Structure formats: C-alpha cells, structure tokens
Amino acid sequence: MNRRDVTFGLGAAGLLLAGADRVQAAPADPSRPAPSFAMLVHPKMILLDLTGPLTVFNLTMGKTHLVWKDRSPVSTDVGIAVAPTTTFAECPRNVDVLFVPGGLAGTTALLEDAETLAFLSEMGARARFVTSVCTGSLALGAAGLLKGRRATSHWYTRELLPIFGAVRSDERVVEDGNLITGGGVTAGIDFGLTISARLRGEEWAKRTQLTLEYDPQPPFVGGSPAKAGSDATGAVLHARSKAIAMAREASERAAAKLRG
C-alpha cells in the first residue's frame, strides 16, 4: 500500500491511544471537568505538529474535534492524510482549547484564507485557551489574536510575529495569559504537557510525561540556531528562503487587512 493512500481519522484503529486503547494518566478528578479541544487540520500541515499535542491531549480524557471546512481528508507533509471529524459550521463553540498546527506552505495559504481566519477569530474570542505550534502562530496573528501578546513560532518565522503586533519570544513554549504558543514541530510535546498541566494539574501532566516516556536524549547537538551554529543555520535559511519570503509577503498582506 502506498503511504499516500493512508488516511488517519481520530477514531482510526491504532491511532495514537484513542478509544479502548486509551491509557489513563491519573485518576479522574471530578473537580476538573473533561476538557474539549478544537484542533484545526489544514492542507500541507506538518503531521507531527498535530500528533505531538494530540497524543498529550488524548490523555486528558477530553473530547477532541479535528476541524476543517469539510470532512474531506487533508494532506500532510509526510503524505499521510488526516480526516477531519467536524466542520467549521458544526464545531462546538464552547471548547476549552483552540489549536492551530503549522507547516510553512500550509500556513502561508491560511494567511489569505478568509473563511479559516474568520473561524479562528470567532473561536479565539470564545476559547479558554488560544494555542498553536510552529508556524500556526502566524495564522493566529492573521486572525487578529496576537496583538500585544508574547508568542513564539518556528525559529525561521519568529521574526514575522511583530508584523501582527505580537511580541516575539524565542522560548520553546510561551504563555501569555490564555495565549500559549509552541516553537517548531517537536516543541509540540512540551507545549501539550504545558496545556495538560493548565487543564488537569501538574501531577496529571507529570504522569502523562512518564506514560509517554518523554525523556529527550537527541543524538546530536544542534536543534536550535544557537546550538547548530551559523553554517548549518545559514544552509537551512537558504534552502527555505523562497518559502519564508512568501510567508512574509502573505503576513504583510494579512496584517494590512487587519488594519483595514
């Protein structure tokens, strides 16, 4: 079977720890209601941007909605499609967490997608927490949700955040009130655990971390520009220069629309 023929939906057998295979990270606390999540899925997103946080969110014992314009599977960077579980129109408006994953090409398209930005703006005004990982924060910015707030993004797009009136931060996870943003791709698990602690308490989040055996020991030093050095950083920026330039141009147009 070609990998591009594989589609994951939230209820697919074996997807993450869903359904009957869930592992409860801690005893249920009746004083903390089960949380709910609206997780945007969009074409050309980075799959790990979604599944890292989703794995953690799943262990909160909450309800997750994978949301897009319709229920047609959306493409991802690795060729595995994701099936939305609900649409913009059908998605509950009272969720605890609004979440946007990244993906440079996919996010650039979202910056000029009026329907998606309107949905994010509406949900962002209602959600208990407004969140993103990687370049997803740019979409939050284009929806008018970052003005005057501290936020982060993938390291090669953080400099675009001030275009939307945000205060750039280089931290891996940034909390500013109910706005919580994560850095690039793998920061999604750190981000997810941060959200878990806010929703279920620190002990719950710690047990989730243990359940997932999240104890990073990367084989190389170099996961950030500061650690990788100028040569490696320059090479990545050169390889992505056209895509980053397109994201900047789209960000500037989106910000201009916000200003009216």
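Only a predicted model underlies this, so the values are computations on that prediction, with no experimental measurement involved. (Residues numbered from 1 in each chain as written. Predicted model: local features only at pLDDT ≥ 70, side-chain atom pairs only at ≥ 80, totals over all residues. Heavy atoms only, no water.)

Enquirer: Looking at this model, I keep getting lost on the nonpolar core. Mind explaining?
Expert: Residues Met39, Val41, Leu50, Val82, Leu120, Phe191 and Ile195 are the most contacted members of the largest nonpolar core, which totals 60 residues. Among the elements that take part in this core, helix α9 (residues 241-259) stands out by supplying five residues, more than any other. Residues contacting methionine 39, with those up to four places away along its chain left out, are Leu50, Pro53, Leu54, Phe57, Thr64, His65, Leu66, Val67 and Phe99. (Core = buried A, V, L, I, M, F, W, Y, C linked by side-chain atoms within 4.5 Å. Buried < 20%, exposed > 50% of the residue type's maximum accessible area, 1.4 Å probe, protein only. Helix = DSSP H or I, 4+ residues; strand = E, 2+ residues; numbered from the N terminus. Contact = heavy atoms within 4.5 Å.)

Enquirer: How do you make sense of the sheet that holds strand β5 (residues 86-87) when you look at a structure like this?
Expert: Within a sheet, each strand pairs with its neighbour through backbone hydrogen bonds, oriented either parallel or antiparallel. Across the sheet, which stays open at both edges, the seven strands sit in the order β5-β3-β2-β6-β7-β11-β10 with mixed pairing between neighbours. Whereas interior strands pair on both sides, the edge strands pair on one side only; in this sheet they are β5 and β10 (173-176). Judged from the three bridges that link them, strand β2 (residues 36-40) and strand β6 (residues 97-100) form a sheet pairing that is parallel. If you follow phenylalanine 37 over to β6, its bridge partner there is valine 97. Contacting β2, β3 (63-68), β6 and β7 (129-133), helix α1 (residues 47-58) crosses the sheet at an angle of about 175 degrees to β2. (Pairing = 2+ DSSP bridges. Axes fitted to C-alpha atoms, helices over the stretch in contact; angles between N-to-C directions.)

Enquirer: Just checking my understanding: could you explain the environment of leucine 117 for this structure?
Expert: Inspection of the secondary structure puts leucine 117 in helix α3 (residues 114-126). What makes leucine 117 buried here is its relative accessible area of 12%. C-alpha separation for the pair leucine 117 and alanine 139, spaced 22 residues apart in sequence, amounts to 7.2 Å. Apart from the residues within four sequence positions on either side, leucine 117 is in contact with Leu110, Leu111, Ala139, Ala142 and Ala143.

Enquirer: Is there a simple way to explain the packing of aromatic side chains in this structure?
Expert: Each aromatic ring pair is characterised by the separation of its centres together with the angle its planes make. Scanning the entire structure with this criterion turns up seven aromatic pairs. One aromatic cluster is present, formed by Phe37, Phe57, Phe99 and Phe191 through successive ring pairs. Sitting over the face of the ring of tryptophan 204, arginine 200 holds its NZ or CZ atom 4.7 Å from the ring centroid. (Phe/Tyr/Trp six-rings, centres within 6.5 Å; stacked < 30°, edge-to-face > 60°. Lys NZ or Arg CZ within 6 Å of the ring centre and 35° of its normal.)

Enquirer: Looking at this structure, how should I read the pattern of salt bridges?
Expert: Per the stated rule, a full pass over the model turns up 16 salt bridges. When the shortest N-O distance is used, the salt bridge between arginine 71 and glutamate 90 registers 2.6 Å. With arginine 71 in the loop between β3 and β4 (81-83) and glutamate 90 in the loop between β5 and β6, the pair connects residues that are 19 residues apart, well separated along the chain. Residue classification places glutamate 90 among the partly exposed positions, given a relative accessible area of 46%. The network of salt bridges with shared partners includes Arg93, Glu122 and Arg126. (Salt bridge = Lys/Arg side-chain N within 4 Å of Asp/Glu carboxyl O.)

Enquirer: Please explain α1 as it appears in this structure.
Expert: In an α-helix, one turn spans 3.6 residues, which is why side chains three or four residues apart end up on the same side. The end-to-end C-alpha distance of α1 is 16 Å, a good match for the 16 Å that 12 residues give at a rise of 1.5 Å each. Burial runs high along α1: 11 of the 12 residues are buried. The complete set of buried residues in α1 reads Leu47, Asp49, Leu50, Thr51, Gly52, Pro53, Leu54, Thr55, Val56, Phe57 and Asn58. (Expected span 1.5 Å × (residues − 1).)

Read these as layout, nothing more, since geometry by itself doesn't imply function.
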